[in-house]
Amino acid sequence: FGIDVHGMVNEWNQKAAEITGRPKEEVMGHDLVAEFISPDYRDSVKAVLDNALNGIVTANFEFPLYTKAGNRVEVLLNATTRRDANGSVSGVVGVGQDITERKIAEKQSETIANDLTKLIDTANAPIFGIDTNGLVNEWNQKAAE
């Protein structure tokens, strides 16, 4: 996607339309932050875009975007200054990637790790672990008794 110096959408490719469920005709000329970013992320997304307008590139900024149907999509954004032929700032080019599935997998892995830690800590048998040097690196409550 792209915005002009006033934050109005002036580029919207097929992938942006696919991810958001909003066709190009629906977003062109509209305020990206005010109209398409959830209220709790407007300030941080605006700051990233303002930085890009001031020549400061932002890489790997994560934020949620809500589709036209109301579904949450996790986006990884890189924002870069766009300049005209004279070198003057003309807007921002944003390259976003849908990382929703990755975020779901990370959350599931975190939940499993927490569950396993709780299981080890509350087991009714001593459990301990050692590293490759033979040093103890895990010790549950029962082992401490």
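You'll find the structure just up there.
Summarised in this report is the structure supplied together with it. (Residues numbered from 1 in each chain as written. Predicted model: local features only at pLDDT ≥ 70, side-chain atom pairs only at ≥ 80, totals over all residues. Heavy atoms only, no water.)

**With respect to the environment of Asn13**
Positionally, Asn13 belongs in the loop between β2 (9–11) and α1 (14–20). A relative accessible area of 44% places Asn13 in the partly exposed class. Sequence spacing of Asn13 and Lys68 is 55 residues, and the spatial spacing of their C-alpha atoms is 16 Å. Polar side-chain contacts of Asn13 include one of 3.2 Å to the backbone nitrogen of Lys15. (Helix = DSSP H or I, 4+ residues; strand = E, 2+ residues; numbered from the N terminus. Buried < 20%, exposed > 50% of the residue type's maximum accessible area, 1.4 Å probe, protein only. Polar contact = N/O pair within 3.5 Å; in protein donor to acceptor, adjacent residues only side chain to side chain.)

**Examining a nonpolar patch on the surface**
The grouping of Phe128, Ile130, Val136 and Trp139 at the surface amounts to a nonpolar patch, some 450 Å² of accessible area in total. Those elements giving two or more residues to the nonpolar patch turn out to be β6 (128–130) and β7 (136–139). Considering the arrangement of structural elements, one finds Phe128 in strand β6. (Patch = residues over 30% accessible without salt bridge, like charges linked within 9 Å, V, L, I, M, F, W, Y side chains within 5 Å. Areas by Shrake-Rupley, 256 points an atom, 1.4 Å probe, with all protein chains shown as cover. Salt bridge = Lys/Arg side-chain N within 4 Å of Asp/Glu carboxyl O.)

**Brief notes about the pairing of β7**
Side chains on a regular strand alternate between the two faces of the sheet. Of the pairings in the sheet, the one linking β6 to β7 comprises three bridges and is antiparallel in character. The partner of Phe128 across the bridge, within β7, is Trp139. Connecting β6 to the next strand, β7, in antiparallel fashion are five residues, including Gly134 with a positive phi near 80 degrees. (Pairing = 2+ DSSP bridges.)

**Quick word on unusual backbone geometry**
Phi at Asn60 is positive, roughly 60 degrees, even though this residue is not glycine. Locating Asn60 in the fold gives a position in strand β3 (residues 58–66).

**Section: the nonpolar core**
If you look at the biggest cluster of nonpolar residues, it comprises 25 residues, and the most contacted ones within it are Phe1, Trp12, Leu32, Val45, Leu49, Phe63 and Val92. Counting only elements with at least two residues in this core, the list comes to α1, α3 (32–36), α4 (42–53), β3 and β4 (72–83). Of the residues forming this core, the biggest block, five residues, is contributed by α4. Non-local contacts of Val45, meaning those with residues more than four positions away in its chain, are made with Val33, Ile37, Phe61 and Phe63. (Core = buried A, V, L, I, M, F, W, Y, C linked by side-chain atoms within 4.5 Å. Contact = heavy atoms within 4.5 Å.)

**A word on the sheet that holds β4**
Sheet strands pair via backbone hydrogen bonds, and the direction of the pair is either parallel or antiparallel. Strand order in the open sheet formed by five strands is β2-β1-β5-β4-β3, and the pairing between neighbours is antiparallel. Either end of the sheet is taken by a strand with one partner, and the two such strands are β2 and β3. Each strand axis lies, on average, 35 degrees off the axis of its neighbour in the sheet, ignoring direction. As paired strands, β4 and strand β5 (residues 89–98) are joined by nine bridges and run antiparallel to one another. Residue pairing in the sheet places Thr81 in a bridge with Val92 of β5. Taken strand by strand, α4 contacts β1 (2–4), β3, β4 and β5, and its axis lies near 20 degrees from that of β4. Against the sheet, helix α5 (residues 100–122) engages β3, β4 and β5, with an angle of about 130 degrees to β4. (Axes fitted to C-alpha atoms, helices over the stretch in contact; angles between N-to-C directions.)

**Points about the packing of aromatic side chains**
Evaluated as defined, the whole model comprises two aromatic pairs. With 5.7 Å between their ring centres and 25 degrees between their planes, Phe61 and Phe63 make a pair best called stacked. As far as the burial class goes, Phe61 and Phe63 line up, both buried. Look at Phe128 and Trp139: their rings are 6.1 Å apart centre to centre, the planes differ by 45 degrees, and that puts the pair in the tilted class. Taken together, the residues span a long stretch of sequence, with Phe128 in strand β6 and Trp139 in strand β7 at a distance of eleven residues. On the accessibility criterion, Trp139 (47% relative accessible area) is partly exposed. (Phe/Tyr/Trp six-rings, centres within 6.5 Å; stacked < 30°, edge-to-face > 60°.)

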